[in-house]
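# Tertiary structure, described
Given next are the chains, with one letter for each unit.
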Amino acid sequence: MENTHAEESPSEVWHQLSSKYPDHPDLQADPLYALPGELIVLMDDKVPGLMTEEQMTFELDLADLTGGGFLFRRPFGYALLDEPEYRSVKPARVAQLDERQHKSAFDIKELMVDEMRESGASDAAIREFFASEAAMNAEVARCQAAYAGWLISNPEFLRERDGLRNAFDQLVVERQSFPMYPRSFFGEVPEIGRADSDNRDAYATYLRFLRRWGLDGFATWDLPIPMGMEMNQLFYEVGQNGGRVGFHNSLGLSDAGSLFFVPWCMLASKKYGFRELASHYWRYQCPDHVRGWLDHEQKNCGIETFIQLLRIHRHLHLAILPRYGSLPKWKVTMFDKAYAEYISTSPHTVKAARLRLSRSRRPYASQ
């Protein structure tokens, strides 16, 4: 997607870049994807002739000024690949809502700590609790990145995404951001914002797509953001939900995954984990469009492989090829070596992932 629309208020960092490179052709792209600085240096060293000195300077400046690149002339990041998330990519009203949610989450955490201390928990036990929670969140993020990698290699998802983009892209441009799946705080059905209620039918279609594929939204049309796992906290209750702020409304999520209510009596059992429970119920009721994801281990394609597909898609397909064109075979070989060093793996592994991604997307690309 390339938009050359008028932007409401380009960010200061955009002005810095565009004033230094006023006639640079890549500034017409929206989104404009940045490359990590470390990868730029490795490619310059190991892929001779790929970039001129001026191009390398531009790439390094772009990397220094923004995490993931520019969308609507504001910096953005893709957190699933450890890119910084810049709030300036969001309209002021959305950034203010995010700020309130972050503050509420911090306040609730402080209340949880007080509650745990009152119940007799030591400081060491409290630290262990939050460290365990952080480890779970890291595993959730790892699975989200892998699922995103499966999606961007799935022709069915890509075709449906294109249909949604054709119907909804103008609204994204007008609001200067992608709507995220609505959240509820106390189990209530979230209200539709005024900007989205003016386009109720299109917004409903957008939400159905997010539910169908288990997405929170998009960073860009080429970078989906999968939903994460949510659980009630045990130590602090707010209304009908536990300590976390901003739950998805459970009434609308049956299409997006499995929902479990685990009563206190079942917490004594160590026989079943959530994966065993989900696998049992989805064995014969799995939606066809996500069966490939749930069966991926049978095809010798694990989580790390899909994360590699996402990385290659993000850096090679969205940044390098659009700016530098198709690479001759010897440069592709040298890219594999540079990228292998960047992600600490072997060139053979990079080549296998790159070819797998190309094969997977071929039915979509040949349309």
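What counts as what
- Residues numbered from 1 in each chain as written.
- Predicted model: local features only at pLDDT ≥ 70, side-chain atom pairs only at ≥ 80, totals over all residues.
- Heavy atoms only, no water.
- Axes fitted to C-alpha atoms, helices over the stretch in contact; angles between N-to-C directions.
- Helix = DSSP H or I, 4+ residues; strand = E, 2+ residues; numbered from the N terminus.
- Parallel < 35°, antiparallel > 145°, perpendicular 65-115°, else oblique.
- Left-handed = near helix turned anticlockwise from the far one by under 90°.
- Contact = heavy atoms within 4.5 Å.
- Nonpolar A, V, L, I, M, F, W, Y, C, P; charged D, E, K, R; others polar.
- Salt bridge = Lys/Arg side-chain N within 4 Å of Asp/Glu carboxyl O.
- Buried < 20%, exposed > 50% of the residue type's maximum accessible area, 1.4 Å probe, protein only.
- Pairing = 2+ DSSP bridges.
- Phe/Tyr/Trp six-rings, centres within 6.5 Å; stacked < 30°, edge-to-face > 60°.
- Lys NZ or Arg CZ within 6 Å of the ring centre and 35° of its normal.
- pLDDT = per-residue confidence, 0-100.
- Arc of directions from axis to C-beta.

Okay, the packing of helix H2 (residues 37-46) against helix H3 (residues 53-65) next. Axis separation between H2 and H3 bottoms out at 9 Å; the angle between their running directions is 165°. It follows from the interaxial angle that H2 and H3 lie roughly antiparallel. Between H2 and H3 lies a crossing of left-handed hand. Here H2 contributes Gly-37, Ile-40, Val-41 and Asp-44 to the contact with H3, which in turn contributes Met-56, Glu-59, Leu-60 and Ala-63. A class-by-class count of the residues in the contact of H2 with H3 yields 5 nonpolar, 1 polar and 2 charged.

With that out of the way, let us pick up the environment of Tyr-339. Within the fold, Tyr-339 resides in helix H12 (residues 329-343). Discounting chain neighbours no more than four positions away, the residues touching Tyr-339 are Leu-39, Arg-311, Ile-312, His-315 and Val-350.

With that settled, the discussion passes to the pattern of salt bridges. Going through the model one piece at a time under the given rule, you end up with 13 salt bridges. The residue Arg-161 makes a salt bridge to Asp-162 at a minimum N-O spacing of 2.9 Å. Judged by its relative accessible area of 3%, Arg-161 is buried. Classification of Asp-162 as buried rests on a relative accessible area of 17%. Counted as one network, the salt bridges with shared partners bring together Arg-161, Asp-162, Arg-165 and Asp-222.

Quick look at unusual backbone geometry now. Between Asp-30 and the following residue, Pro-31, the backbone shows a cis peptide bond with an omega angle of 10°. Looking at where Pro-31 falls in the secondary structure, it is placed in the loop between helix H1 (12-20) and strand S1 (32-33). A positive phi angle, close to 55°, is found at Phe-72, a residue other than glycine. For Phe-72, the location among the structural elements is in the loop between strand S2 (69-71) and strand S3 (74-76). You can call Phe-72 buried: its relative accessible area is 1%.

Here we come to the pairing of strand S6 (residues 223-226). As paired strands, strand S5 (residues 215-220) and S6 are joined by 4 bridges and run antiparallel to one another. Paired with Gly-217 across the strands is Ile-225, a residue of S6. Connecting S5 to the next strand, S6, in antiparallel fashion are 2 residues.

A word on the packing of aromatic side chains. Within the structure shown, the criterion is met by 18 aromatic pairs. Centre to centre, the rings of Tyr-33 and Phe-76 are 5.9 Å apart; their planes meet at 80°, and the pair counts as edge-to-face. One end of the pair, Tyr-33, is in strand S1; the other, Phe-76, is in strand S3, and 43 residues separate them in sequence. Judged on exposure class, the residue Tyr-33 and its partner Phe-76 are both buried. Cluster of aromatic residues (ring-pair linked, three or more members): Tyr-147, Trp-150, Phe-157, Phe-178, Phe-209, Trp-213, Phe-218, Trp-221, Trp-293 and Phe-306. Stacked on the ring of Phe-130, the Lys or Arg Lys-109 has its end atom at 4.6 Å from the ring centre.

Turning to the confidence of the model for the chain, a few remarks are in order. When pLDDT is averaged along the chain, the result is 80, and 73% of the positions lie at 70 or above. Taken together, the stretch residues 233-247 has pLDDT below 50 and engages in 44 contacts with residues farther than four places along the chain or on a different chain.

A word on H2. All of the buried residues in H2 are Leu-39, Ile-40, Leu-42 and Met-43. The arc that holds the buried residues of H2, viewed along the axis, is 165°, so those residues lie on one side. Away from its buried face by more than 90 degrees, H2 exposes Glu-38 and Asp-45. Structurally, H2 contributes buried residues whose contacts are with H3, helix H11 (303-324) and H12.

A word on the sheet that holds S1. In spatial order, the strands read S1-S2-S3; together these 3 strands make up an open sheet with antiparallel pairing. Each of the sheet's edge strands pairs with one partner strand only, and the pair in question is S1 and S3. Where S2 and S3 come together, 3 bridges link them in antiparallel fashion. Across the sheet, the residue bridging to Phe-70 is Pro-75, located in S3.

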